[in-house]
Amino acid sequence: MKPRIPQGTRDFTPQQIAKRNYIFGVIKEVYEIYGFRPIETPTMELLDTLTGKYGDEGDKLLFKILNNGDFLKDVKDSLLAEKNSRAIIPKIAKRGLRYDLTVPFARFVVMNQNALSFPFKRYQIQPVWRADRPQKGRYREFYQCDADVIGSKALLYEAEFVQIIDEVFKRLNIDVTIHINNRKLLAGIAEVAGIPDDKFVDMTVAIDKLDKIGHQGVLDEMIRREIAPGAAEKLMELLKITSIEALAAKMDDSGSEIGLTGVEEIQEIWRFLEHSPLKNTLNFNISLARGLSYYTGTIFEVTANDVEMGSILGGGRYDDLTGIFGLKNMSGVGISFGAERIYDIMEAKSLFPEGINNNIKVLIVTFDHAALDYGFGILTALRKAGISADIYPEPAKMKKQMKYANAREIPFVVVIGDNEMETGKLVLKNMETGEQDQLFLEDLIKVFS
RNA sequence: GUAGCUGUAGCUCAGUUGGUUAGAGCACUGGUUUGUGGUUCCAGGGGUCGGGGGUUCAAAUCCCCUCAGUUACCCCA
């Protein structure tokens, strides 16, 4: 049987795990400094919880879990004969794998509201699953690193997230641009341009591609999406305004209340950050839209400078995420780091620091069975002293044991034979320099402590 | 869902206009050395050339179907 893994999934070697944990570690540390606490939710949710939250496209990308037992027993023959998968799925699958961490979080908040105090700040680093077509930087199983604060409309939290983003990428040594926009401002622009509400989503999908396909491309895309050419052209004119002040004036002139609110929100975030300099650039970007339909206010996105790569973080404010689960008036704002893409960037630019691969310190090699017995005692003493150590499990040829130490990138080897057992002085070899020392056990322990 | 590219040893890949017994490097095993690896030398095992069908005296190579991987679009982290 040929070993395989499902499409879009990956194995991780110890070296890769070390690097991933480094990224997760930095993100966690910063989240905790800003007062976020970790939660975890189950891998699977009830399908009811997930369906309808990500649009039709999202529903198709949900992994469903087949019910246990005789799952076809109660399905009517007529339904089976129809071959309508959509209708049959709820009958044979009541659970699905989580698609993101935000919807499970909303459910969590509603279910645990008595145990939480608001504003509630949580972070969550767990894998999610999407039955998407994999491609570069996109997988069917991947980790999200979310932080959200729920139960407050304060724009101070938006400012905090900007600081968090800045701090994380500063620590990871990646130069980024933090793009920020506001859904209300987009609504205002749509209003001024005369784009009807039912075309708003089409509009945002189109203008989100501005960087990629240019002005003409966006215009074509909007017309393809049946937005009136006149309105589309007016919108393109508005998109050319890049300063917040000019947009504020425009919204004021046109009497767009919602647009004005959007501008004011952005300006308030800027005020919070005025006296706290950032390392990275914070960029107001009118063409930033993001697909997710539940955002209602601020929208964030981060791109790495000097690297061809999609966004490495997304986020925003949503006013009514928990409403669907029966808890009204819970405004929240959150972000999600794209750990996989961050990993790829750091790998490509060799940004992982030395020494994050926490390997064992020393390997004991022996010449014969007597030495192996003796060596096992030494090994135990080292481990009791808290030193990460290993022994080659048999007195194989020196060459083989050394090769093994080398392949595992173990920095030191202790050699044990007749001489060492007689004198009690152990040979410690530095595998990098080739230098050797003779030490008693207690001195050996000191070297590694 | 649509389109392009790729499937040859455990891994990375060569294999010419179809032509004898399909190769290399790494990895693995054994020997050489015999108290020292990364950096001696020698030998060895391991392949239904993704699968099926077709053309041909002859197919890894050409054609068709199929499966898988991958990249791009849609959408998204």
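Residues numbered from 1 in each chain as written. Chains lettered and ligands numbered in written order. Predicted model: local features only at pLDDT ≥ 70, side-chain atom pairs only at ≥ 80, totals over all residues. Heavy atoms only, no water.

### A short note on the protein's contact with RNA strand B
Formally: Near residues are defined by distance, with any heavy atom within 4 Å of the molecule or strand qualifying the residue. N or O atoms closer than or at 3.5 Å make up a polar contact, with two conditions inside protein: a donor-capable atom paired with an acceptor-capable one, and, for residues adjacent in sequence, both atoms drawn from side chains. Helix and strand assignments come from DSSP, with helices taken as H or I runs of at least 4 residues and strands as E runs of at least 2, each series counted from the N terminus. Classification convention: Asp, Glu, Lys, Arg as charged; Ala, Val, Leu, Ile, Met, Phe, Trp, Tyr, Cys, Pro as nonpolar; all other residues, Gly among them, as polar.
Close to RNA strand B lie 36 residues, the nearest being Arg 4, Arg 225, Asn 406, Asn 419 and Met 431. Each atom of RNA strand B within 4 Å of the protein was assigned to sugar, phosphate or base; sugar and phosphate come to 50%. In the environment of RNA strand B, a base nitrogen lies 3.4 Å from a nitrogen or oxygen atom belonging to the backbone of Glu 432. Only α16 (398-407) and α17 (418-423) provide two or more residues apiece to the surface near RNA strand B. With 6 residues, the top contributor of residues to the surface near RNA strand B is α16. Residues that form the surface near RNA strand B fall into these classes: 9 nonpolar, 9 polar and 18 charged.

### Concerning the packing of helix α10 (residues 210-224) against helix α11 (residues 229-239)
The line we're drawing: Here, axes are lines fitted to C-alpha atoms. For helices the fit covers the stretch in contact, and angles between N-to-C directions go from 0 to 180 degrees. For this classification, under 35 degrees means roughly parallel, over 145 means roughly antiparallel, 65 to 115 means roughly perpendicular, and everything else is oblique. Whether two residues are in contact is decided by their heavy atoms: any pair within 4.5 Å suffices.
Contact pair α10 / α11: the axes reach a minimum separation of 8 Å and the direction vectors enclose 155 degrees. The angle between α10 and α11 falls in the class roughly antiparallel. Where α10 abuts α11, its residues Leu 210, His 215, Val 218, Leu 219, Met 222 and Ile 223 lie against Pro 229, Ala 232, Glu 233, Leu 235 and Met 236. Here the contact of α10 with α11 is composed, by residue class, of 9 nonpolar, 1 polar and 1 charged.

### Observations concerning the sheet that holds strand β13 (residues 389-391)
Keep this limit in mind: Paired strands are those between which DSSP finds at least two bridges.
Taken in spatial order, the 5 strands of this open sheet run β13-β12-β14-β15-β16, and their pairing is mixed. Each edge of the open sheet carries a strand with a single partner, namely β13 and β16 (436-439). Looking at each pair of strands side by side, their axes are set apart by 25 degrees on average, direction ignored. With 3 bridges connecting them, strand β12 (residues 362-366) and β13 associate as parallel partners. Looking at the pairing, Val 362 lines up with Ala 389 of β13.

### Quick word on a positive patch on the surface
Rule in force here: Excluding any residue in a salt bridge, patches collect residues exceeding 30% relative accessible area, merging like charges within 9 Å and nonpolar Val, Leu, Ile, Met, Phe, Trp and Tyr side chains within 5 Å. Only the protein chains shown count as cover for residues, with accessible areas throughout obtained via the Shrake-Rupley method and a probe of 1.4 Å. Here, a salt bridge means any side-chain nitrogen of Lys or Arg that lies within 4 Å of a carboxyl oxygen of Asp or Glu. As used throughout, the charge tally considers Lys and Arg to be positive and Asp and Glu to be negative, leaving His and the chain termini uncounted. Note on charges: their place is set at NZ of Lys, CZ of Arg, CG of Asp or CD of Glu. Type-normalised accessible area, obtained with a 1.4 Å probe on protein chains alone, sets the label of each residue: buried when under 20%, exposed when over 50%, and partly exposed for intermediate values.
Taken together, the side chains of Lys 397, Lys 399, Lys 400 and Lys 403 define a basic patch exposed on the protein surface. Within the fold, Lys 403 resides in helix α16. Judged by its relative accessible area of 58%, Lys 403 is exposed.

### Observations concerning the pattern of salt bridges
For the structure on display, the rule yields 21 salt bridges. Between Arg 138 and Asp 132 there is a salt bridge, with its nearest N and O atoms 2.3 Å apart. Owing to a relative accessible area of 33%, Arg 138 belongs among the partly exposed residues under this scheme. Put simply, Arg 317 and Glu 158 hold a salt bridge, and the shortest N to O gap is 2.7 Å. Linking Arg 317 in strand β10 (residues 313-318) with Glu 158 in helix α7 (residues 156-172), this pair joins segments that are 159 residues apart in sequence. There is no split in this pair, since Arg 317 and Glu 158 are both buried. Here the salt bridges share partners, and the residues they tie into one network are Asp 202, Lys 209, Glu 221, Arg 224 and Arg 225.

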